Amino acid sequence: MLELKDVSYSYKNIKALKNINITIEDGEAVAFIGPNGSGKSTLMKLINGILVADSGQYIFNEEKITSSKLQNNTFSKNFHKKIGFVFQNSETQLFCSNVYDEIAFGPRQMGLKEEEVKIRVTDCMELLKIEKLQDRAPYHLSGGEKKKVAIASVLVLNPEVIVFDEPMNDLDPKTKRFLKELLINLNNAGKTIICSTHEFEYVSGIFNRVIVFSNEHIIIRDDEYEKVLSDRDFLFENNII
Ligand SMILES: Nc1ncnc2c1ncn2[C@@H]1O[C@H](COP(=O)(O)OP(=O)(O)OP(=O)(O)O)[C@@H](O)[C@H]1O
Ligand SMILES: [Mg+2]
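> Report on the overall build of the protein, specifying residues and quantitative values.
When helices and strands are tallied, the protein shows eleven helices and ten strands. At 18 Å, the protein has a C-alpha radius of gyration in line with the 18 Å of a compact globule built from 241 residues. Evaluated residue by residue, the protein yields a buried proportion of 51% over its 241 residues. A total accessible area of about 11700 Å² is found for the protein, and carbon and sulfur atoms account for 47% of it. Positive and negative side-chain charges of the protein, numbering 30 and 35 respectively, have mean locations separated by a distance of 4 Å.

Here you go:
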């Protein structure tokens, strides 16, 4: 379970999030929606310990997450094993010289034996259908190929909570349908899914809940996904559609 209590965050003098309160239970599938710049990615970075709140509290699995804990190598490794993050911009995520090493990076960091690493990496490449890319340089891949490699590099660690920031970006329609099924299957397998998206038509059927952000960087609604999606007036008035 993760819980944010009265969390605010600014980038120097640019306000990104104000007084955020959320509790997400294990096994939930939650969508984050809202206009550009409303704070979705910032909140995902806070949830993943990439940023630390200016004020308020973040509690993950009953433990308070603080910058000093995140700077501790053992704590940080353990935390990142439990929670995975697919960045909005895949280029931020990819830094190895070939796709195989990219996907193997996390498991190697965790100290897994090379045989185990190979099994996991091969499974994930098969799942994402990217076996043919294994010797390619991630930097030279197409946008959608990069996204698939980024997703594989997160799934390979089998985290309990998976945070996807606009995962449908750059994917072709067939791959979007595939990703939708993958999210449903991961959730059915007990994973907690948190996903931001502007693409409602592809993601309907995945989520039980949606959290809506506004231009004022606050949460304006936290409700059942299908209920909010059918409330066209609400979505229109709040610059979502
Ligand atoms: N590194 C940064 N430095 C300064 N300001 C930033 C930085 N990253 C984001 N911001 C600002 O913080 C606010 C929230 O940005 P964020 O990326 O969280 O929005 P978002 O809801 O994810 O938007 P989008 O739908 O475009 O992905 C915006 O005003 C943005 O300009
Ligand atoms: Mg974003």
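> Residues and numbers for the coordination of the magnesium ion (ligand 2), please.
Only Ser41 (OG) and Gln88 (OE1) from the protein reach the magnesium ion (ligand 2) as donors, at distances of 2.0 to 2.2 Å. Of the two residues, Ser41 sits in helix H1 (residues 40-47) while Gln88 sits in the loop between strand S6 (83-86) and helix H4 (90-93), which places them 47 residues apart along the sequence. The class of Gln88 is partly exposed, set by a relative accessible area of 36%.

> Now, about the state of the cysteines: what can you tell me, with residues and values included?
Each disulfide consists of a covalent bond between the sulfur atoms of two cysteine residues. Here the structure, examined in full by the defined rule, presents zero disulfides. With no disulfide of its own, Cys124 lies 15 Å from the sulfur of Cys96, the closest cysteine sulfur. With a relative accessible area of 8%, Cys124 lands in the buried category. Not engaged in a disulfide, the cysteine Cys195 finds its nearest cysteine sulfur in Cys124; these two sulfurs lie 18 Å apart. Under the relative-accessibility criterion, Cys195 is labelled buried at 1%.

> Give a detailed account of the site of ligand 1, specifying residues and quantitative values.
As a structural note, the neighbourhood of ligand 1 is formed by 13 residues, with Gly37, Lys40, Ser41, Thr42 and His198 the closest of them. For ligand 1, an oxygen atom lies 3.0 Å from a polar atom in the backbone of Gly39. Protein coverage of the free-state accessible area of ligand 1, which is 640 Å², stands at 66%. No other element matches H1, which puts three residues into the shell around ligand 1. Grouping the amino acids of the shell around ligand 1 by side-chain chemistry returns four nonpolar, eight polar and one charged.

> Summarise the sheet that holds strand S4 (residues 55-60); cite the residues concerned and give the values.
Reading across the sheet, the four strands line up as S2-S1-S4-S5 and stay open at both edges, with antiparallel pairing between neighbours. The open sheet is flanked by strand S2 (14-24) and strand S5 (63-64), the only strands paired with a single partner. Pairing geometry for S4 and S5, over two bridges, is antiparallel. Across the sheet, the residue bridging to Ile59 is Lys64, located in S5.

> Describe in detail unusual backbone geometry, supporting the description with residues and values.
Notably, Lys12 is not glycine yet its phi reads approximately 50 degrees, a positive angle. By the element assignment, Lys12 lies in the loop between strand S1 (2-11) and S2. A relative accessible area of 83% places Lys12 in the exposed class.

> I'd like a description of the packing of helix H6 (residues 114-128) against helix H7 (residues 143-155), backed by residues and values.
In contact at an axis separation of 9 Å, H6 and H7 are set at 140 degrees when each is read in the N-to-C sense. Comparing the axis directions of H6 and H7 gives the class oblique. The element H6 and its partner H7 pack so that their crossing is right-handed. The segment H6 lies against H7, with Cys124, Leu127 and Leu128 engaging Lys148, Ile151, Ala152 and Leu155. For the contact of H6 with H7, the per-class residue count stands at six nonpolar, no polar and one charged.

> Break down the side chain of Lys40 for me, with residues and values.
In this structure, Lys40 sits in helix H1. The buried charged residue Lys40 lacks any salt bridge, with Glu166 as its nearest oppositely charged partner at 4.8 Å. Lys40 has contacts with Phe32, Ile33, Gly34, Pro35, Glu166, Ser196, His198 and Phe213, leaving out every residue within four places of it along the chain.

> Pulling in residues and values, what's your account of the pairing of strand S10 (residues 219-224)?
Summarising the sheet, strand S9 (residues 209-213) and S10 pair through five bridges and their orientation is antiparallel. From the neighbouring strand, Ile211 faces S10, where its bridge partner is Asp222. Hairpin connection between S9 and S10: a loop of five residues separates the two successive antiparallel strands, and His217 in this loop has a positive phi of roughly 65 degrees.

> Break down the packing of aromatic side chains for me, citing the residues and quoting the values.
Tallied over the entire structure, the rule returns seven aromatic pairs. Summarising the aromatic geometry, the rings of Phe207 and Tyr225 are spaced 5.4 Å apart at their centres and angled 45 degrees between planes, so their arrangement reads as tilted. Separated by 18 residues along the polypeptide, Phe207 in the loop between helix H9 (200-203) and S9 and Tyr225 in helix H10 (residues 225-229) bring together distant segments of the chain. Owing to a relative accessible area of 0%, Tyr225 belongs among the buried residues under this scheme. By the ring-pair criterion, three or more aromatic residues cluster together here, those being Phe60, Phe75 and Phe79.

Rules and cut-offs
- Counting starts from 1 at the beginning of each chain's written sequence and moves along it residue by residue.
- Following the order in which they are written, the chains are lettered starting with A and the ligands numbered starting with 1.
- Per-residue local features of the predicted model are confined to residues with pLDDT of at least 70, and side-chain atom pairs are confined, for both listing and counting, to 80 or more; whole-chain, interface and lining totals are unaffected and use all residues.
- Values shown for side chains rest on all heavy atoms present in the structure; no hydrogens or waters enter the calculation.
- Only DSSP runs of H or I covering at least 4 residues are called helices, and only runs of E covering at least 2 are called strands; the numbering of each starts at the N terminus.
- Computation of the radius of gyration draws on C-alpha atoms, with the globule rule given as 2.2 Å multiplied by the number of residues to the power 0.38.
- Under the scheme applied here, a residue whose accessible area is under 20% of the maximum for its type counts as buried, over 50% as exposed, and between as partly exposed, the area being computed with a 1.4 Å probe on protein chains only.
- Each accessible area is a Shrake-Rupley result for a 1.4 Å probe, and residues are judged covered by the shown protein chains and nothing else.
- Charge assignment: positive for Lys and Arg, negative for Asp and Glu; neither His nor the chain ends contribute.
- To locate a charge, take NZ of a lysine, CZ of an arginine, CG of an aspartate or CD of a glutamate.
- Coordination shells were defined by N, O and S atoms within 2.8 Å of each metal, extended to 3.2 Å for Na, K and Ca; water is absent from the atom set, which can make sites look incomplete.
- By definition, disulfides here are pairs of cysteine sulfur atoms that lie within 2.5 Å.
- By convention in these notes, a residue is near a molecule or strand provided one of its non-hydrogen atoms lies within 4 Å of it.
- As used in this structure description, the phrase polar contact means that two N or O atoms lie within 3.5 Å; if the pair is within protein, one of them must be able to donate a hydrogen and the other to accept it, and residues adjacent in sequence are counted only when both atoms belong to side chains.
- Asp, Glu, Lys and Arg are counted as charged, while Ala, Val, Leu, Ile, Met, Phe, Trp, Tyr, Cys and Pro are counted as nonpolar; the rest, among them Gly, fall into the polar class.
- Each pair of strands is called paired provided DSSP finds at least two bridges between the two strands.
- Fitted lines through C-alpha atoms serve as axes, helices being fitted only where they are in contact, and the angles separating the N-to-C directions of these axes extend from 0 to 180 degrees.
- Roughly parallel means an angle under 35 degrees; roughly antiparallel, over 145; roughly perpendicular, 65 to 115; everything else is oblique.
- Whether a crossing is left-handed or right-handed is set by the direction in which the near helix is turned from the far one by less than a right angle, anticlockwise for left-handed and clockwise for right-handed.
- Whether two residues are in contact is decided by their heavy atoms, any of which lying within 4.5 Å being enough.
- The salt bridge definition used is simple: a Lys or Arg side-chain nitrogen within 4 Å of an Asp or Glu carboxyl oxygen.
- Here is the rule: rings of Phe, Tyr and Trp (six-membered ring for Trp) pair when centre to centre is within 6.5 Å. Planes less than 30 degrees apart are stacked, more than 60 are edge-to-face, and the remainder are tilted.

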